[in-house]
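Residue-level structural notes
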Amino acid sequence: MGLRVDGFGVTWTVESQDSVTVEETGTHPASPPVLVVTGSTSVVSLAVPGEPDAWPACVAFLHRLRDGVEELAALLTVRAAAPAERDGGGEGGSG
C-alpha cells in the first residue's frame, strides 16, 4: 500500500499483496466490526459508528462503496484487456 497525503486527502495506491479483512472488535453493540485494508507499510480501517441507530446509514454507504469498487474493477478489467489503448493508441494518447 502506497499512501500519499495531499490537499485532497489521502491517496492509497493498491499493491498485489494488500489484503482486506473484517475484524470483530467485540460482541457488544458499542464494539462493531471494522473493515481493515492492510498493506506492506500502512493500515486503513473503516470504523462503524458506535450507535446502532447510525448503522443503516453506514450500511447504505458500504453498499455505495461496494458498487464503486465493482465499477472500478470493471473499468480496469476492460482497460487491461486492451493493451493497445493502454500504450497510447487510444483516446488521450499520442498516437
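Because the structure is predicted, anything quoted here is derived from the model rather than measured. (Residues numbered from 1 in each chain as written. Predicted model: local features only at pLDDT ≥ 70, side-chain atom pairs only at ≥ 80, totals over all residues. Heavy atoms only, no water.)

Quick notes on a nonpolar patch on the surface
A grouping of Leu46, Phe61, Leu62, Leu65 and Val69 is seen on the molecular surface, where their side chains present a nonpolar patch of about 380 Å² in accessible area. Looking at the nonpolar patch, the element that brings in the most residues is helix α1 (residues 55–80), giving four residues. With respect to the helices and strands, the residue Phe61 is situated in helix α1. Residue Phe61 is classed as partly exposed on the basis of its relative accessible area of 37%. (Patch = residues over 30% accessible without salt bridge, like charges linked within 9 Å, V, L, I, M, F, W, Y side chains within 5 Å. Areas by Shrake-Rupley, 256 points an atom, 1.4 Å probe, with all protein chains shown as cover. Salt bridge = Lys/Arg side-chain N within 4 Å of Asp/Glu carboxyl O. Helix = DSSP H or I, 4+ residues; strand = E, 2+ residues; numbered from the N terminus. Buried < 20%, exposed > 50% of the residue type's maximum accessible area, 1.4 Å probe, protein only.)

A word on the pairing of strand β4 (residues 34–38)
Judged from the five bridges that link them, strand β3 (residues 19–23) and β4 form a sheet pairing that is antiparallel. The residue of β4 that forms the bridge with Thr21 is Val36. Taken together, the five bridges between β4 and strand β5 (residues 43–47) define a ladder with antiparallel strand orientation. Residue pairing across strands places Val36 opposite Ser45, the latter belonging to β5. Turn length for the β4-β5 hairpin, with the two strands adjacent in sequence and antiparallel, is four residues. (Pairing = 2+ DSSP bridges.)

Let's talk about the sheet that holds β5
Here three strands make up an open sheet; going across it, the order is β3-β4-β5 and the pairing antiparallel. Strands with a single pairing partner mark the edges of an open sheet, and in this sheet they are β3 and β5. Along the sheet, successive strands turn relative to each other by an average axial angle of 20°, direction set aside. (Axes fitted to C-alpha atoms, helices over the stretch in contact; angles between N-to-C directions.)

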